[in-house]
Amino acid sequence: MKIVTYNVNGIKARLPRLVEYLAEEQPGIVCLQELKSSDETFPAAEIEATGYGAVWHGQKGFNGVAVLARGKQPVERQRGLSGEIEDEHSRYLECDVDGLIVASIYLPNGNPQPGPKFDYKLRWFERLRARGRELLSSEVPTVLAGDFNVIPNDDDTFSIRAMAEDALMQPESREAYRRLVADGWTDALRTRHPRGGVWTFWDYQAGAWARDAGFRIDHLLLSPAVADRLHDAGVDKTHRGRERASDHAPTWAALR
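Calculation notes
- Residues numbered from 1 in each chain as written.
- Predicted model: local features only at pLDDT ≥ 70, side-chain atom pairs only at ≥ 80, totals over all residues.
- Heavy atoms only, no water.
- Pairing = 2+ DSSP bridges.
- Helix = DSSP H or I, 4+ residues; strand = E, 2+ residues; numbered from the N terminus.
- Axes fitted to C-alpha atoms, helices over the stretch in contact; angles between N-to-C directions.
- Contact = heavy atoms within 4.5 Å.
- Disulfide = S-S within 2.5 Å.
- Buried < 20%, exposed > 50% of the residue type's maximum accessible area, 1.4 Å probe, protein only.
- Expected span 1.5 Å × (residues − 1).
- Salt bridge = Lys/Arg side-chain N within 4 Å of Asp/Glu carboxyl O.
- Phe/Tyr/Trp six-rings, centres within 6.5 Å; stacked < 30°, edge-to-face > 60°.
- Core = buried A, V, L, I, M, F, W, Y, C linked by side-chain atoms within 4.5 Å.

> Looking at this structure, I do not really get the sheet that holds strand β14 (residues 251–255). What am I missing?
By way of backbone hydrogen bonds, the strands of a sheet pair with one another, either parallel or antiparallel. Across the sheet, which stays open at both edges, the six strands sit in the order β3-β4-β2-β1-β14-β13 with mixed pairing between neighbours. Each having just a single partner strand, β3 (52–57) and β13 (230–235) make up the two edges of the open sheet. Strand-to-strand twist across the sheet, computed as the mean angle between neighbouring axes with direction ignored, equals 15°. Sheet analysis places β13 next to β14, joined by five bridges and oriented antiparallel. Paired with Gly234 across the strands is Trp252, a residue of β14. Each of β1 (2–7), β2 (29–33), β3 and β4 (65–70) touches helix α1 (residues 11–25); the most contacted strand, β1, lies at about 165° to it.

> Help me understand the state of the cysteines, please; the structure alone is not making it clear to me.
Disulfide: a covalent bond formed between the sulfur atoms of two cysteine residues. Taken as a whole, this structure holds zero disulfides when the rule is applied. Sulfur of Cys31: no disulfide; nearest cysteine sulfur belongs to Cys95 and is 8.0 Å away. Its relative accessible area of 0% is what places Cys31 among the buried residues. Under the relative-accessibility criterion, Cys95 is labelled buried at 0%.

> Would you take a moment to explain the environment of Gly196 for this structure?
Mapped onto the elements of the fold, Gly196 is located in the loop between α6 (188–192) and β10 (201–202). Classification of Gly196 as buried rests on a relative accessible area of 18%. On a C-alpha basis, the gap between Gly196 and Thr157 in space is 8.5 Å, while along the polypeptide they are 39 residues apart.

> I'm lost on helix α3 (residues 116–138) in this one. Help?
Each turn of an α-helix holds 3.6 residues, which means side chains three or four residues apart point in the same direction. Under the 1.5 Å per step criterion, the end-to-end length of α3 is 33 Å for 23 residues, consistent within 8% with the ideal 33 Å. Phe118, Tyr120, Lys121, Trp124, Phe125, Arg127, Leu128, Arg129, Arg131, Gly132, Leu135 and Leu136 are the residues of α3 that are buried. Tucked inside the fold, the buried residues of α3 contact β5 (75–79), β6 (92–97), β7 (100–106), β8 (142–147), α5 (171–182) and α8 (224–227). Looking at the residues trailing α3, positive phi occurs at Glu139, about 60°.

> Just to check I follow, could you spell out the sheet that holds strand β9 (residues 186–187) for this structure?
Ordered by their spatial adjacency, six strands build an open sheet running β5-β6-β7-β8-β12-β9, and the pairing between neighbours is mixed. Single-partner strands in this sheet number two, and they are β5 and β9. Relative to β6, β5 runs antiparallel, the two sharing four bridges. When the bridges of β6 are listed, Glu76 appears paired with Cys95. Packing of α3 onto the sheet brings it into contact with β5, β6, β7 and β8, and relative to β6 it is tilted by some 20°.

> Got a minute to help me understand the pattern of salt bridges in this structure?
Pairing between side chains of opposite charge can happen when their charged atoms approach one another. All chains considered together, the criterion is met by 27 salt bridges. Linked by salt bridges that have partners in common, Glu126, Arg129, Arg133, Glu175, Arg179 and Asp183 make up one network.

> What's the story with the side chain of Glu84 in this structure? I'm lost.
Here Glu84 lies in the loop between β5 and β6. Its relative accessible area of 12% is what places Glu84 among the buried residues.

> Help me out: how do you make sense of the packing of aromatic side chains in this one?
Working definition: an aromatic ring pair is given by the centre-to-centre distance plus the angle between the planes. Under the criterion given, the structure shown has five aromatic pairs. Seen from their ring centres, Trp202 and Trp209 are 5.1 Å apart, and the 85° between their planes marks the pair as edge-to-face. The exposure class assigned to Trp209 is partly exposed, which follows from its relative accessible area of 29%.

> Sorry, what's going on with the nonpolar core here?
The nonpolar side chains of a soluble globular protein tend to be buried, and buried together. If you look at the biggest cluster of nonpolar residues, it comprises 30 residues, and the most contacted ones within it are Ile3, Ile29, Leu100, Val143, Ala188, Leu220 and Leu222. Setting aside anything within four residues of it in sequence, one finds Leu100 in contact with Met1, Ile3, Ile29, Cys95, Pro141, Thr142, Val143 and Val226. One finds Ala103, Leu107, Trp124 and Val181 within the second-largest nonpolar core, a separate group that totals 21 residues.

> So what exactly am I meant to see when it comes to α5 here?
Between the first and last C-alpha of α5 there are 16 Å, a value that for twelve residues agrees with the 16 Å anticipated at 1.5 Å per step. Check the buried side of α5 and you find it contacts α3, β9 and β12 (218–222). Phi for Gly184, located one or two positions after α5, is positive at around 140°.

Spelled out as structure tokens, the structure:
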């Protein structure tokens, strides 16, 4: 089974690329982020026509997450995280797909930092960690997949200097990610590519794609029962180079 996380950066603008990707790669499960679409305008019919069932948690203009499953309908378990009643951002969606729990995650960016947006990012991390602990304690096979908006290690970016002041690479962001992983999750891509140098995002600006000036912010975290089944992990990089593509590439883990 191939499980994919894919920040589409606007599902209506990227729909041709998404449909193309589903047809060509036929992954079992796809977690989407940054839909930038309300629930009412989500292109459910077009996605279902490709043979995928879908559950989505939209928000007009920004954010938004979804879970797709090939040949079946995901069963929603939870949308949103507890801990901040006033938080109305559509950033977390948890579904069951044939006994596997899959969460699509779009963690806050946190820029500019320092400031309230960075503080929100760190609080959101802790709320995710609390939910992650609950899922681990249930011992049900689980994957947390999404755009975590954190560059975990120096070798996860093309340039330490260029990203030094960015919220994605601050010590607090990295430490929050490490605490989450240390609770018992396996970073699939890091496990298969321990030397780093694997990017999942290339900015539209400054010729980043042409220069291969990217970094890794899209992650798949596996619970112990899923980590035991990990066969491979990678990035479908060529899809980033297509016309009107997202600035993220589909990132995946393959399970036995």
